[in-house]
Amino acid sequence: MSILAFAFLLIAGATEIGTEKDGIIHVTPMEAADLVANHPNVQVLDVRMEHEFQEAHIKGAVQISYYAPNFRMQIAALPTDVPYLVHCRSGTRSSRAVRILQQDGVSTIYHLDGGLNAWQAAGLPVIQKEATP
C-alpha cells in the first residue's frame, strides 16, 4: 500500500463518528456532542420520562417517554429521513427505542452510549430546571 493510500485511509477513518452495530451507530458523549454541534440536521431524541427531562436535558432535544402508552405511535409519526441521536438516562430504554425506530424505517440512528449520565460525567452542558426559591 502506498503512503498516499495509507494516509487517505487514516484521514477517512478519523472523520467517521461512532461504531456501527446492527444498523445503529453507537457514539460516546464527545462524539454525540460533535454531532449536536456540527450537524444541525441531527435531532436529539430523549426517551426519558417528562419529569426526568424537566430536571436536565440536552439543548434542542425532543422528549418522547419510552413508557408513554402511545410511545410507538409517537415514534411512528417521526420523519424517517432525519438522523436521530437517541438517549435516556443510562442507555437501557434508548437501546430498546432505537430498535423501534429502526423497525419504523429510520435510516440513520445514533445511540448515546451511557445516556445522559455519561454525557454529564463528560462535563457536557445540559439545560437544567431552575430551582424555585
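Here, the structure is the one placed above.
Quick caveat: nothing in here was measured; it's all calculated off a predicted structure. (Residues numbered from 1 in each chain as written. Predicted model: local features only at pLDDT ≥ 70, side-chain atom pairs only at ≥ 80, totals over all residues. Heavy atoms only, no water.)

1. As for the overall build of the protein chain
Across its full length, the protein chain carries 6 helices and 8 strands. The order of helices and strands in the protein chain, counted from the N terminus, is α-β-β-α-β-α-β-β-α-β-α-β-α-β. Here the protein chain holds 133 residues, and the buried ones make up 36% of them. In the protein chain, the share of contacts with a sequence separation of at least 24, taken over all contacts with a separation of at least 6, comes to 64%. Of the roughly 7900 Å² that the protein chain leaves accessible, carbon and sulfur atoms contribute 58%. (Helix = DSSP H or I, 4+ residues; strand = E, 2+ residues; numbered from the N terminus. Buried < 20%, exposed > 50% of the residue type's maximum accessible area, 1.4 Å probe, protein only. Contact = heavy atoms within 4.5 Å. Areas by Shrake-Rupley, 256 points an atom, 1.4 Å probe, with all protein chains shown as cover.)

2. Comments concerning the packing of aromatic side chains
Summed over the entire model, instances satisfying the criterion amount to 2 aromatic pairs. Between Tyr66 and Tyr67 the ring centres are 5.6 Å apart and the planes differ by 75 degrees, which places this aromatic pair in the edge-to-face class. Centroid distance Tyr66 to Phe71: 5.2 Å. Interplanar angle 65 degrees. Geometry classified as edge-to-face. Taken together, the ring pairs connect Tyr66, Tyr67 and Phe71 into an aromatic cluster. (Phe/Tyr/Trp six-rings, centres within 6.5 Å; stacked < 30°, edge-to-face > 60°.)

3. Some remarks on the environment of Phe53
Among the secondary structure elements, Phe53 is positioned in helix 3 (residues 50–55). Remark: the alpha-carbon pair of Phe53 and Cys88, spanning 35 residues in sequence, is separated by 9.3 Å. Here Phe53 is in contact with Asp46, Arg48, Ala61 and Gln63, once residues within four sequence places are set aside.

4. So, helix 2 (residues 29–38)
If you check which residues of helix 2 are buried, you get Pro29, Ala32, Ala33 and Leu35. In a view along the axis of helix 2, the buried residues occupy a sector of 155 degrees, so they form one face of it. Summarising the geometry of helix 2, the exposed residues directed more than 90 degrees from the buried face are Met30 and Ala37. Of the surrounding elements, those touching the buried residues of helix 2 are strand 2 (24–27), strand 6 (84–87), strand 7 (109–112) and helix 6 (115–121). (Arc of directions from axis to C-beta.)

5. Some remarks on the pattern of salt bridges
Within the structure shown, the criterion is met by 3 salt bridges. Across the pair Arg48 and Asp46 runs a salt bridge whose closest N-O atoms are separated by 2.8 Å. Residues Arg48 and Asp46 agree in their burial class; the two are buried. Residues Lys129 and Glu55 are paired through a salt bridge, measuring 4.0 Å at the closest nitrogen-oxygen approach. Remark: Glu55 occurs in helix 3 and Lys129 occurs in the segment after strand 8 (127–128); sequence separation between them is 74 residues. (Salt bridge = Lys/Arg side-chain N within 4 Å of Asp/Glu carboxyl O.)

6. Describing the side chain of His57
Topologically, His57 is positioned in strand 4 (residues 56–57). There is a polar contact of 2.9 Å between the side chain of His57 and the backbone oxygen of Phe53. Among all residues touching His57, those that are not within four sequence positions of it are Asp46, Arg48, Leu116, Val126 and Ile127. (Polar contact = N/O pair within 3.5 Å; in protein donor to acceptor, adjacent residues only side chain to side chain.)

7. Quick notes on the pairing of strand 3 (residues 43–46)
Sheet topology note: the strand 3/strand 6 ladder contains 4 bridges and is parallel. Bridge assignment links Asp46 to a residue of strand 6, and that residue is His87. When strand 3 meets strand 5 (residues 62–63), the two strands line up parallel, connected through 2 bridges. Of the residues in strand 5, the one forming a bridge with Leu45 is Val62. (Pairing = 2+ DSSP bridges.)

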